[in-house]
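Observations on the model geometry
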Amino acid sequence: MSRPSVFVYRAVDDSGDSHRRMIAAGCEVNVADGSLIRSEFVELARDADALLGATFRAGRMDRELLGSLRSLRIISKYTIGVDDVDVDAATELGILVTHCPVEANWGGVAEGTLAFMLAFHKKLRERDRRVKAGGWRARELQGLYFGARDDGYRGLTVGIVGLGRIGSRVADLLAPWRMNVLACDPYIEERIFAEHGTRRVDLDTLLDEADIVTLHCSLTAGTRQLMNTGTLARMKPAALLINTSRGAVVDLDALCDAIDAGTIAGAALDVLPEEPPPAGARILGLADKVILSPHMVAANDGGALTAAIGPATEAVLSALRGEVPEHVYNTAAIPEWRARFANDPLLQQYSRRDLPR
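What counts as what
- Residues numbered from 1 in each chain as written.
- Predicted model: local features only at pLDDT ≥ 70, side-chain atom pairs only at ≥ 80, totals over all residues.
- Heavy atoms only, no water.
- Helix = DSSP H or I, 4+ residues; strand = E, 2+ residues; numbered from the N terminus.
- Rg over C-alpha atoms; globule rule 2.2 N^0.38 Å.
- Contact = heavy atoms within 4.5 Å.
- Areas by Shrake-Rupley, 256 points an atom, 1.4 Å probe, with all protein chains shown as cover.
- Lys, Arg positive; Asp, Glu negative; His and termini not counted.
- Charge placed at Lys NZ, Arg CZ, Asp CG, Glu CD.
- Pairing = 2+ DSSP bridges.
- Core = buried A, V, L, I, M, F, W, Y, C linked by side-chain atoms within 4.5 Å.
- Buried < 20%, exposed > 50% of the residue type's maximum accessible area, 1.4 Å probe, protein only.
- Salt bridge = Lys/Arg side-chain N within 4 Å of Asp/Glu carboxyl O.
- Arc of directions from axis to C-beta.
- Polar contact = N/O pair within 3.5 Å; in protein donor to acceptor, adjacent residues only side chain to side chain.
- Right-handed = clockwise from strand over helix to strand, strands pointing away.

A count of helical and extended segments in the protein chain gives 13 helices and 12 strands. A compact globule built from 357 residues should have a C-alpha radius of gyration of about 21 Å, and the protein chain, at 23 Å, falls within 12% of that. Here the contacts in the protein chain between residues at least 6 apart in sequence split such that 67% fall between residues at least 24 apart. Looking at the protein chain as shown, the accessible area adds up to about 17,200 Å², and 49% of this sits on carbon and sulfur atoms. For the protein chain, the separation between the mean place of its 41 positive charges and that of its 48 negative charges on side chains is 4 Å.

Dropping the structure here:
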């Protein structure tokens, strides 16, 4: 019997030990050399039993692509997000999609969210630029005070859209600042809102009251372009919109219109609908009204993807042993996956303790 094939379509730093571990366990491991276009990916992944990697940059793993990979059992992602995979198609085909909700990833996003708040409202870019140009203090460099004070100042209100791991960590980080924190999430139990010091509201109320709106929701049919002309119009004229979730949650044209018109004060975006943005894109020309980051909010030394290497590797090995791995995103695929593969393990059964390291 030939060795099971693992195709690492987008490796991450420090993943060499992971590749050696899979080889020692009996796998054939092929690693992509740089970025791939779709046709190259299909050719290299044709016989793969497992795919392993970070965000897929050659479009999307859609139904046509997944259907062409006849041996594929699992797509193991280093990332939290799986919107680069047609999960419904994978489920129908009995292909497991796993992800890595490691704290280094979601915690890093939360920390980056606070950095956006501070950079924008404390005018860090403007102050730095002025001093380096030979200037000094000026009224237009005045920042905003964030928290409530004993003198009666009520502080700013932050509205968190999505109170999962990231959103709840943002709320926890804001607690010592004595800010007013609202949260909107229809899928979270009532007690979670109180545990993280937030007041549960609906989306309209959040947009009406928040000085800072920060998005931490998954990309679904219901959240695609959640922030559009109508929802942006509900925000305060001095409000800041932060998006560290997925680019398509925001209608970028509507956002640019809202900023140009003074409907809102500005935005801080780690993600965009098209990455990188094309030269001449409107969002690039809004100066200090917008902070842009190249989808790196969780990219920290000792951080997100490094911490995900072990769990993502273990997911591949578990699936190839005929075991359901941890962190399966499309749990509805498990019955079909078991019917196809559970009685056809490709690797010897090991305990985790015995697996080669």
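Having seen it, we continue.
The next thing to look at is the sheet that holds strand β9 (residues 212-215). Within the open sheet, the 7 strands sit side by side as β8-β7-β6-β9-β10-β11-β12. Their pairing is parallel. Edge positions in the sheet fall to β8 (199-200) and β12 (290-292), since each of these pairs with one other strand and no more. Inspection of the sheet shows strand β6 (residues 157-161) paired to strand β7 (residues 180-184) by 5 bridges, in the parallel sense. Counterpart to T157 in the pairing with β7 is N180.

Our focus in this paragraph is the nonpolar core. In this structure, V213, L232, M235, L241 and L255 are the most contacted members of the largest nonpolar core, which totals 34 residues. Among the elements of the structure, β7, α9 (203-209), β9, α11 (252-261) and β11 (266-269) are those that each provide at least two residues to this core. In this view, L255 contacts L232, L241, V250, I264, A267, L269 and I283; residues no more than four positions away in its chain are not counted.

On to the side chain of D211, then. Looking at the secondary structure, you find D211 in the loop between α9 and β9. Those residues within four positions of D211 in sequence are excluded, and the remaining contacts are H121, L156, T157, K236, A238, A239 and L240.

Looking now at the pattern of salt bridges. Under the definition given, this model contains 29 salt bridges. A salt bridge links D208 to R234, with the nearest nitrogen and oxygen atoms 2.8 Å apart. Taken together, the residues span a long stretch of sequence, with D208 in helix α9 and R234 in helix α10 (residues 229-234) at a distance of 26 residues. Two residues, D260 and R282, come together in a salt bridge whose shortest N-O distance is 3.0 Å. Of this pair, D260 sits in helix α11 while R282 is found in the loop between β11 and β12, placing the two residues 22 residues apart along the sequence.

A few words now on helix α2 (residues 38-45). Every buried residue of α2 is accounted for by F41, V42 and A45. The buried side chains of α2 occupy one side of the element, clustering within an arc of 100 degrees when seen end-on. Buried residues belonging to α2 abut β1 (5-10), β3 (50-53) and α3 (63-68).

Our focus in this paragraph is α11. Within α11 the residues assigned to the buried category are A254, L255, C256, A258 and I259. Buried residues along α11 sit in contact with α10, β10 (240-243), β11 and β12. A side-chain oxygen of the first residue of α11 lies 3.2 Å from the backbone nitrogen of D253; this N-cap is D251. Downstream of α11 by a residue or two, G262 has a phi angle that is positive, lying close to 80 degrees.

This brings us to unusual backbone geometry. With an omega of -10 degrees, the peptide bond running from E275 to P276 counts as cis. By secondary structure assignment, the location of P276 is in the loop between β11 and β12. Phi is positive for R178, which is not a glycine, with a value near 60 degrees. Tracing the sequence through the fold places R178 in the loop between α7 (165-174) and β7. You will see that A287, though not glycine, has its phi angle at about 50 degrees, which is positive. Note on A287: relative accessible area 61%, which makes it exposed.

In terms of residue burial, β7 counts as a mostly covered element, since 4 of its 5 residues are buried. On the question of chirality, the crossover connecting β6 to the parallel β7 by way of α7 is right-handed. As defined by bridge partners, β7 adjoins β8 across 2 bridges and the pair is classed as parallel. Looking at β8, one finds that A183 is bridged to R200.

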